[in-house]
Amino acid sequence: MSRLPDPPPLSDAPLAPGLYLVATPIGNLRDITLRALDVLNACDLLLAEDTRVSGKLLAAYQISKRLERYDEHVADRATPRILERLEAGERVALVSDAGTPMVSDPGYRLAKEAIAAGHAVYPIPGASAALAALTLAGLPTDRFLFAGFPPPKSAARKTFFEELAPVRATLIFYEGASRVADSLADMAAVFGPREAAVARELTKLYETCIRGPLDVLAADPRFESPKGEIVILVGPGSEKPVQAGDAESALREAMARLPLGEAASEVAKALGLPRRDLYRQALALKDGAK
Ligand code: SAM
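Reading the values: the criteria
Residues numbered from 1 in each chain as written. Predicted model: local features only at pLDDT ≥ 70, side-chain atom pairs only at ≥ 80, totals over all residues. Heavy atoms only, no water. Helix = DSSP H or I, 4+ residues; strand = E, 2+ residues; numbered from the N terminus. Buried < 20%, exposed > 50% of the residue type's maximum accessible area, 1.4 Å probe, protein only. Arc of directions from axis to C-beta. Contact = heavy atoms within 4.5 Å. Salt bridge = Lys/Arg side-chain N within 4 Å of Asp/Glu carboxyl O. Pairing = 2+ DSSP bridges. Axes fitted to C-alpha atoms, helices over the stretch in contact; angles between N-to-C directions. Polar contact = N/O pair within 3.5 Å; in protein donor to acceptor, adjacent residues only side chain to side chain. Domains from an automatic or database assignment. Buried area = accessible area lost by both parts, 1.4 Å probe. Nonpolar A, V, L, I, M, F, W, Y, C, P; charged D, E, K, R; others polar. Left-handed = near helix turned anticlockwise from the far one by under 90°.

## Re unusual backbone geometry
Move 1: Positive phi outside glycine occurs at Gln 62, with the angle close to 50°.
Move 2: Note on placement: Gln 62 falls in the loop between α2 (51-60) and β3 (67-69).
Move 3: Look at Gln 62 and you get exposed, because its relative accessible area is 75%.
Move 4: Positioned with a positive phi, Thr 203 is a non-glycine residue whose angle comes to about 70°.
Move 5: Turning to its location among the elements, Thr 203 is positioned in the loop between β8 (195-200) and β9 (208-213).

## Let's talk about helix α4 (residues 108-116)
Move 1: For α4, the complete set of buried residues consists of Leu 110, Ala 111 and Ala 114. One face of α4 carries all of its buried residues, which in axial projection span an arc of 95°. When the buried face of α4 is taken as reference, the exposed residues oriented beyond 90 degrees from it are Tyr 108 and Ala 116.
Move 2: Summarising the contacts, the buried residues of α4 are in contact with β1 (18-22), β2 (45-48), α3 (75-87) and β5 (121-124).

## Observations regarding the pattern of salt bridges
Move 1: In the structure shown here, the tally under the stated rule is 15 salt bridges.
Move 2: The salt bridge partner of Arg 66 is Glu 68, with a shortest N-O separation of 3.0 Å.
Move 3: Note on Arg 66: relative accessible area 63%, which makes it exposed.
Move 4: Residue Glu 68 is classed as buried on the basis of its relative accessible area, which comes to 14%.

## A short note on the sheet that holds β5
Move 1: A sheet is described by the order of its strands in space; here 5 strands give the open sequence β3-β2-β4-β1-β5, paired in parallel fashion. Each of the sheet's edge strands pairs with one partner strand only, and the pair in question is β3 and β5. If you compare each strand with its neighbour and ignore which way they point, the axes differ by 25° on average.
Move 2: Note: β2 against β3, 3 bridges, orientation parallel. Residue Leu 46 lies in a different strand from β3, and its bridge partner there is Leu 67.
Move 3: Contacting β1, β2 and β5, α4 runs over the sheet at an angle of about 150° to β1.

## A closer look at α2
One turn of an α-helix holds 3.6 residues; hence residues three or four places apart share an orientation.
Move 1: Residues of α2 that are buried include every one of Ser 54, Leu 57 and Leu 58, and no others. The buried residues of α2 occupy an angular sector of 100° when the element is viewed end-on, so they sit on one face. Facing away from the buried side of α2, by more than 90 degrees, are the exposed residues Arg 52, Lys 56 and Ala 59.
Move 2: Contact partners of the buried residues in α2: α1 (34-42), β2, β3 and β4 (91-95).
Move 3: Among the residues of α2, the N-terminal cap falls to Asp 50, whose side-chain oxygen and the backbone nitrogen of Arg 52 are separated by 2.9 Å.

## What about the environment of Leu 171?
Move 1: Summarising the element assignment, Leu 171 is placed in strand β7 (residues 170-175).
Move 2: Judged by its relative accessible area of 0%, Leu 171 falls in the buried class.
Move 3: Residues Leu 171 and Ala 78 lie 93 residues apart in sequence; the distance between their C-alpha atoms is 34 Å.
Move 4: With near-sequence residues (within four places) excluded, Leu 171 lies in contact with Leu 145, Leu 164, Phe 191, Arg 194, Ile 232, Leu 233 and Val 234.

## Observations concerning the domain arrangement of the protein chain
Move 1: Each assigned domain of the protein chain is listed with its residue range as follows: domain 1 (18-127), domain 2 (140-154 + 169-234) and domain 3 (244-289).
Move 2: For domain 1 versus domain 2, the distance between C-alpha centres works out to 29 Å.
Move 3: At the junction of the two partners, domain 1 supplies 6 residues and domain 2 supplies 7 residues.
Move 4: The junction of domain 1 with domain 2 conceals about 480 Å² of combined surface from both sides, 61% of it contributed by carbon and sulfur atoms.
Move 5: For the pair domain 1 and domain 2, the number of links is 0 salt bridges.
Move 6: Remark: the boundary between domain 1 and domain 2 carries 1 residue pair in polar contact (both at pLDDT 80 or more).
Move 7: Of the residues contributing to the side of domain 1 that touches domain 2, the split by class is 2 nonpolar, 3 polar and 1 charged.

## Notes on the packing of α3 against α4
When two helices pack together, their arrangement is captured by the angle between the axes and the distance separating the axes.
Move 1: At their nearest, the axes of α3 and α4 sit 10 Å apart, and the two run at 35° to each other. Seen along the crossing, α3 lies across α4 with a hand that is right-handed. Contacts between α3 and α4 pair Ala 75, Asp 76, Thr 79, Ile 82, Leu 83 and Leu 86 from the former with Arg 109, Leu 110, Glu 113 and Ala 114 from the latter.
Move 2: Of the residues belonging to the contact of α3 with α4, the class tally is 6 nonpolar, 1 polar and 3 charged.

Encoded structure:
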């Protein structure tokens, strides 16, 4: 491998006191910034979600620093003590197991309380699976909404998707491998055949991105028992604005052929509107027809 160019020179100024939210790689250990390494080397206190996971990163960069655990389970107990150390002028760095702290990871409460107490808070930007997946999904990037992990149970998950259905933006979800097939099925039911992508094992050996309409992805046997870490992205629904009368006339037409619930589902998919609202509207139409 050819020699890397010299990095920009380090500032002579010592690291300022405050809370540093340091992004770390999501797979490939080389995806760490020079500035992140500077902060990890210089901080007085290094907080990690899982000290064993972050210990491996530190070892790869020969940083010997004691790590203290910080996650939502210890936040109540640990936050006041960390604030005291900030108050004393220390430099505190927070990392999560992978990617950007606070993106579906611990740190929100600490950052909020540090801001409220008037401490400086610095982002040290770097990898995040959400943005990495967005860049390779082939879906619109001008507007996107990061929705985190969908609820694990199907009924709550469908409601969650229904609330997002009217949003005209690419939707980004994190999902555990064992739930991908179920989530894709519920997404196809709620969002209809929108363009989507499943990005897996980003920056790692088995990185893949499978793109296609949601109903096709939902039927793809490769997602029956996938392995690894996965981001699901769903493109925005139709650009055509829904007119006030569209839903009613589509519902009347669908109700003439289908049971009420199925009619509501069909129109929700076609118009990209929440199924719950259409079901209520369908009930009202049925009652009005009596
Ligand atoms: N803070 C992290 C970030 O900035 O991306 C996310 C942490 S969240 C607890 C873990 C989830 O992120 C995984 O379940 C998966 O959905 C996604 N993820 C993390 N690393 C990934 C990777 N290398 N490839 C695909 N998805 C990944």
